[in-house]
Amino acid sequence: MIGLISATAAGTAARDRLADAWPDRTRVYEGPVGDAVRTAFGECEQLVCFLATGAVVRLLAPLLDGKASDPGVVCVDEGGRFAVSLLGGHGGGANELAHEVGRLLGAQPVVTTATDAAGLPGLDTLGLPFEGSVATVSRALLDGEPVALEAEVPWPLPALPTSPRGSYTIRLTDRAVVPGEREVLLRPPSLVVGVGASKGAPAEEVLELIGDALRDAGLSLASVAELATVDAKSDEPGLVAAAERLGVPLVTYPAGELARVEVPNPSEAPLAAVGTPSVAEAAALVRGGELLVPKRKSGARPAMATCAVVRRPARGRLAVVGLGPGARDLLTPRAEAELRRASVLVGLDQYVDQIRDLLRPGTRILESGLGAEEERARTAVAEARAGHAVALIGSGDAGVYAMASPALAEASDDIDVIGVPGVTAALAAGAILGAPLGHDHVSISLSDLHTPWEVIERRVRAAAEADIVVTFYNPRSRGRDWQLPKALAILAEHREPATPVGVVRNASRPDESSRVTTLAALDPATVDMMTVVTVGNTATRNIAGRMVTPRGYRWQEEPK
């Protein structure tokens, strides 16, 4: 919960904007400011104070306990110009909150944390449990000292400027090791503990069994991602309580699914009780992985619990990111966040140049030229399968005539895929032209490199007969100069010569140009591959130089 505190009318107005935008995330604290801050500090994970930073510092000073437990605090000035991350930048999430508040209120986020200022991810902000000398290793990264990344378990981390060797180390491991003086341990959630239990098994017995199994195998409790068992035990109190105390979910599977898993130690007892010859081993192995601890029983007499431990392979992460039509302010915040989340970037060289400055230090860039779409898709999927966090970029929306389709055709369910929408060329051009897409519309690519012309022509003819607004992508190139005239001729069979046509070149870029002409007057020779052509339907009008397609076909009466 985010506590909101203000003292003045201007601060209250800004406070209420946050409260209205985030009704489920925020709580307003009224009354004397000192009392409000003290109460919110004890009740909330984060605070946004619409107060002077000096006043907030004086109020917070007696309340501070430690960076691991203090809430994140953001201060917004009276004029709403700045959102200052004051306390708990990493641990309390104040840095990210300052950016969120800034976006919502139009304020400049002010973040002074050294790693953030240098464009580096904080080692304590990666979403993984950590141990060791975070401050020491972070300082080494900032100072350009050689820091080695030792990934004993592959995991999709964001980019870090690490070296093959170094006197400082970031170690990604699920083993129970003690960090060195110049070392940070990151604990990936790579371990699954399968558990079986008799009715009434105490949580203490289950927890003791799990702890003993991990300790004997030299594994870290911090890397346990979940407890897994059979559906019949989904509400077994001891298992539910054990999962809650470990802070992990209790995941259950049908007995029939577990029965199909090959295990080294099947048994007749669980088969008779719940319908599968294995619970602990099968539940741990059902999603694949390496069995590190075979089934073992608790030490109680009689034993009421069993467990097995599996290391699941890391799931790489592939974000397919649409960069928009070119203008930086049309690149979405989500797209920017994914670019900074990636350790590997794959893309067309000219698109990489557009966003190179947004990448974190250490990002590995795999760029190629025009015509290598399938190769880029294969490369991105292969990098994700190797356990990396990958961003595959495309212009406009990556799912519209761009990289999402070939990438997802290559990908299987062994990686996580995240689609990040972008502003398409058709939408960018439409906004420039006016409102040509106000009713049903379709986009058709006139490139016959991958699609036979006969198919394209059939689609153009269908759109013409259906009276649908048409946006042509890839309308004309030096080697393809007859397709656009042919497509326009098909549309002309069903539409008047005066039908408005919008032509936009390099939408949203510095050399953008646009014009509204007619179906009869358009000269195809003025169009190239950087152009989007939008042909209106029979209801589209040119009003004050803008293309407008009404939302309904009951158009205003023509003047008599």
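Described below are features of the structure shown in this document. (Residues numbered from 1 in each chain as written. Predicted model: local features only at pLDDT ≥ 70, side-chain atom pairs only at ≥ 80, totals over all residues. Heavy atoms only, no water.)

**A short note on the nonpolar core**
Right, so step 1: Core analysis: the biggest nonpolar cluster contains 22 residues, and V193, V195, I210, L214, V224, L227 and V309 have the highest contact counts within it.
Right, so step 2: Where this core is concerned, the elements lending two or more residues are β11 (191-197), α7 (203-217), β12 (224-230), α8 (237-246) and β15 (305-311).
Right, so step 3: No other element matches the 6 residues that α7 contributes to this core.
Right, so step 4: Ignoring anything within four residues of it in the chain, the contact list for V193 reads I210, V224, E226, L227, A228, C307, A308 and V309.
Right, so step 5: The next biggest cluster of nonpolar side chains, apart from the first, holds 21 residues, and it includes L446, V460, L522 and V535. (Core = buried A, V, L, I, M, F, W, Y, C linked by side-chain atoms within 4.5 Å. Buried < 20%, exposed > 50% of the residue type's maximum accessible area, 1.4 Å probe, protein only. Helix = DSSP H or I, 4+ residues; strand = E, 2+ residues; numbered from the N terminus. Contact = heavy atoms within 4.5 Å.)

**Some points on the sheet that holds strand β13 (residues 250-253)**
Right, so step 1: Reading across the sheet, the 5 strands line up as β13-β12-β11-β15-β14 and stay open at both edges, with mixed pairing between neighbours. The open sheet is flanked by β13 and β14 (290-297), the only strands paired with a single partner. When the angles between neighbouring strand axes are averaged without regard to direction, this sheet yields 25°.
Right, so step 2: One ladder, built from 4 bridges, connects β11 with β12; its direction is parallel. Within β12, the position partnered with V192 by the bridge is E226.
Right, so step 3: On top of the sheet, α8 reaches β11, β12 and β13; it is set at about 170° to β12, its chief contact. (Pairing = 2+ DSSP bridges. Axes fitted to C-alpha atoms, helices over the stretch in contact; angles between N-to-C directions.)

**Structural notes on the side chain of T363**
Right, so step 1: Along the chain, T363 turns up in the loop between α13 (349-355) and β18 (364-368).
Right, so step 2: Ignoring anything within four residues of it in the chain, the contact list for T363 reads A159, A342, S343, V344 and L345.

**Some thoughts on the packing of aromatic side chains**
Right, so step 1: Taken as a whole and judged by the stated rule, the model has 2 aromatic pairs.
Right, so step 2: Both rings, one in W453 and one in W482, keep their centres 5.0 Å apart while their planes meet at 70°; by these two values the pair is edge-to-face. One end of the pair, W453, is in helix α17 (residues 453-465); the other, W482, is in the loop between β23 (469-473) and α18 (483-492), and 29 residues separate them in sequence.
Right, so step 3: The class for W453 is buried, based on a relative accessible area of 10%.
Right, so step 4: The cationic tip of R25 hangs over the ring face of W22; the distance from NZ or CZ to the ring centre is 4.4 Å. (Phe/Tyr/Trp six-rings, centres within 6.5 Å; stacked < 30°, edge-to-face > 60°. Lys NZ or Arg CZ within 6 Å of the ring centre and 35° of its normal.)

**Focus on the environment of V37**
Right, so step 1: Secondary-structure assignment places V37 in helix α2 (residues 33-43).
Right, so step 2: Here the alpha-carbon distance between V37 and L4, two residues 33 residues apart in the chain, equals 8.8 Å.
Right, so step 3: Each residue touching V37, except ones within four places of it in the same chain, is listed here: I5, L47, L51, L59 and L60.

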